[in-house]
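So you can see what is in the structure, the chains are spelled out below.
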Amino acid sequence: MTDKTVNRDDAAANEAQIAVLWQEESYFKPSQSFIDQANMKDPDIRKRFGEENFPECYREYADMLTWFKPYDQVLDTSNPPFWKWFTGGKINACYNCVDRHLDKYRNKAAFIFVSEVEDEPPVAMTYQELYVRVNEMAALLRDYCGLKAGDRVTLHLPMTLDLPITMLACARLGIIHSQVFGGFSGKSAGQRIQDSGSRYLITCDAYWRSGHLIDHKEKADVAVQEAHDLGQEVDKVLVWQRYPGKYSAATPMVEGRDVFVNDLLKQYRGQRVAPEQMDAEAPLFLMYSSGTTGKPKGCQHRTGGYLAYVTGTSKWVQDIHPEDTYWCMADIGWITGHSYIVYGPLALAATSVVYEGVPTYPDMNRPWRIADQLGVNIFHTSPTAVRALRRVGPEEPIKGPQHFKHMTTVGEPIEPSAWRWYYEQIGKGQAVICDTWWQTENGGFLCSTLPALDKMKPGSAGPALPGVYPVIYDEDGNELPAGSNKAGNMCIRNPWPGIIQTIWGDDKRFVKTYFERYCKNPDSKDWRDWPYMSGDGAMEAKDGYFRILGRIDDVINVSGHRLGTKEIESACLTVPDVAEAAVVAVNDEIKGKVPEVYVSLAAGSKASSDAIVKAVNQACEDMIGKIAKPSRVHVVPDMPKTRSGKIMRRVLAAISNGRDVGDVTTLANASVVEDIRKQVQG
Ligand code: WTA
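No experiment lies behind these values; they were computed from the predicted model shown.

The rules behind each value
Residues numbered from 1 in each chain as written. Predicted model: local features only at pLDDT ≥ 70, side-chain atom pairs only at ≥ 80, totals over all residues. Heavy atoms only, no water. Buried < 20%, exposed > 50% of the residue type's maximum accessible area, 1.4 Å probe, protein only. Helix = DSSP H or I, 4+ residues; strand = E, 2+ residues; numbered from the N terminus. Pairing = 2+ DSSP bridges. Right-handed = clockwise from strand over helix to strand, strands pointing away.

### Quick notes on the pairing of strand S7 (residues 176–179)
Working step 1: Every second residue of S7 is oriented toward a common face, with Ile-176 and Ser-178 on one face and His-177 and Gln-179 on the other, all of them buried.
Working step 2: Here strand S6 (residues 152–155) runs beside S7; their pairing, made up of 4 bridges, is parallel. Across the sheet, the residue bridging to Leu-155 is Gln-179, located in S7.
Working step 3: One crossover worth recording links S6 to the parallel S7 by way of helix H8 (residues 162–173), and it is right-handed.
Working step 4: As paired elements, S7 and strand S14 (residues 283–289) share 2 bridges and run parallel to each other. The residue bridging His-177 from the neighbouring strand is Phe-285, located in S14.

As structure tokens, this is what we get:
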């Protein structure tokens, strides 16, 4: 049994499941009042971005930016699949997000920070203040740390304004920032420090989460040790204080290594640092993401193409105007936050809300109070959040005072019933919804309705964005005809400006992961021979709308967070008594999918099942982070295996999901399947 067969089974199960549960839905239309004010209402836009105008059409996005030197060429495809965008152009991302707005919007809020502690009033930071803070931080990075363009710095920061200030200060100097999601463990941060070759770690002492001021500095100590063990030394750990002047962590500072950023900044008060004129192709940041192997990949995003793409899509899909107050509830530690809390909205001079804590703290109505207090009119969240809010207070939002013109969902498929609740209760039937499909590697949205032009269809991400031409392949590499309603592998035929340049330090893995399978001719210089493979299953309906069915590879999407099953398995295998581990995705009403773990023990192990379960949970938290904790851990006598010794994860997934295990007679140890089924299902 090969992986291919496993994939096909999953696609088939998905297709059947969806056909039953998700009927073709009727359309919803945007209101006239939305259409009247929308940024993009040209019905010919898709024609303008038609294939015959590719790649020149993307000038429209690039022209939304301010360039120090204009680019010579839109797209250079001379070395597939290493595309180059807007070559010859010189640009600075920080300048575009901050400096260029000063003339017009100096005293308008760039960010509004909302503490999880409701008694602490929101803090608005104007574009002028942001400019000052970013310049001072850039001076510190340059003069205290000695950092320069092209160096990498690892950030492990939670949702406070220190994070975007640090990112923008890096961008100002051309330093490549690599922000690690704050919820990830110290060990994860350490691995990413090592992979990116960072000599500095920028972190904080503490932050609020679910009512607790948690010690974050302790993770820095683990991270530095892990990086050291892997061969990378960290010179200094820069620590932002959650409350400047007061140290809020129990873990002590390490003398000679740890310094408080807010103390150091005093030396740089009033300093201004000229934004570096970066090549359009200079890397802007790394964002580590899970893949099919245990090692996360450093998705390397370019400056010009990325910024152009997130700006264009923020304008046309998010419909962001400078006068909007926009709130994306994602975490800046994920790509959604980079593109659609920081870079996209700021490039458009919007006011972007940064909320520190969990949406449900102290109660389910917190999001609506925040939205009302700040006058949020564009709201952006995940289906998991929608489902969680619905479960607790299905009728509550409608009573709330919020008035959204626009709402986005991202990160996972949203089932029609949750979509309709979002539309009716949260949007009060007035807001448009954009179900946006994309990935860390993509930089920005690939599929979504254009809110003033396309009708909404619950359960479908919608058509491809202008300039994006998808194709769905079956397992044998045949193109499924457009509108076939058949499940296959979602690919994009053409390059677009937001796609990653490569995987940091691993060009081979980049080619192998995204292009090898469907490349028509490895020697070809024609982009048409190099479709991008997304790793998602999808089907295209007759109307050209795409339904995303979920991952076809070893990635689990938990609450819209991407986790690699191999990463979790590797974590389980660090428990001494565990001989084998297999992780499967199990459907979950709220989170979409959750990881369930099967482990078998080394011969002669005397450990109790309870002890193993505890140790496995702890290992997942230590090695990856709390989000990777399995929903259940099963200690089984043996794993179902093929005759060649491969663990049959498909069989385990069927058991966990209460599905038929299918024909298992060819397994090397078929009898174990029934034992496991009884153990798991009772
Ligand atoms: C899934 C998040 C269905 C998909 C931006 C993809 C979605 C993975 C949607 C990427 C959507 C994202 N409908 N599924 N609208 N958006 N996904 O890299 O499986 O964290 O491959 O990027 O999330 O997750 P990532």
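Now that the structure has been shown, the text picks up again.
### A few points about unusual backbone geometry
Working step 1: Here the bond from Phe-54 into Pro-55 is cis, since omega is 0°, no more than 30 degrees from zero.
Working step 2: Within the secondary structure, Pro-55 is located in the loop between helix H3 (45–48) and helix H4 (59–62).
Working step 3: Here the residue pair Tyr-361 and Pro-362 is connected by a cis peptide bond, since its omega of 0° sits within 30 degrees of zero.
Working step 4: By secondary structure assignment, the location of Pro-362 is in the loop between strand S17 (351–355) and helix H14 (366–374).
Working step 5: Backbone geometry places Ser-210, a non-glycine residue, at a positive phi of 50°.
Working step 6: As for its placement among the helices and strands, Ser-210 is situated in the loop between strand S9 (206–209) and strand S10 (212–215).
Working step 7: Unlike most non-glycine residues, Ala-349 shows phi in positive territory, near 65°.
Working step 8: Considering the arrangement of structural elements, one finds Ala-349 in the loop between helix H13 (335–347) and S17.
Working step 9: A residue is classified by how much of its surface remains accessible, and Ala-349, at 2% relative accessible area, is buried.

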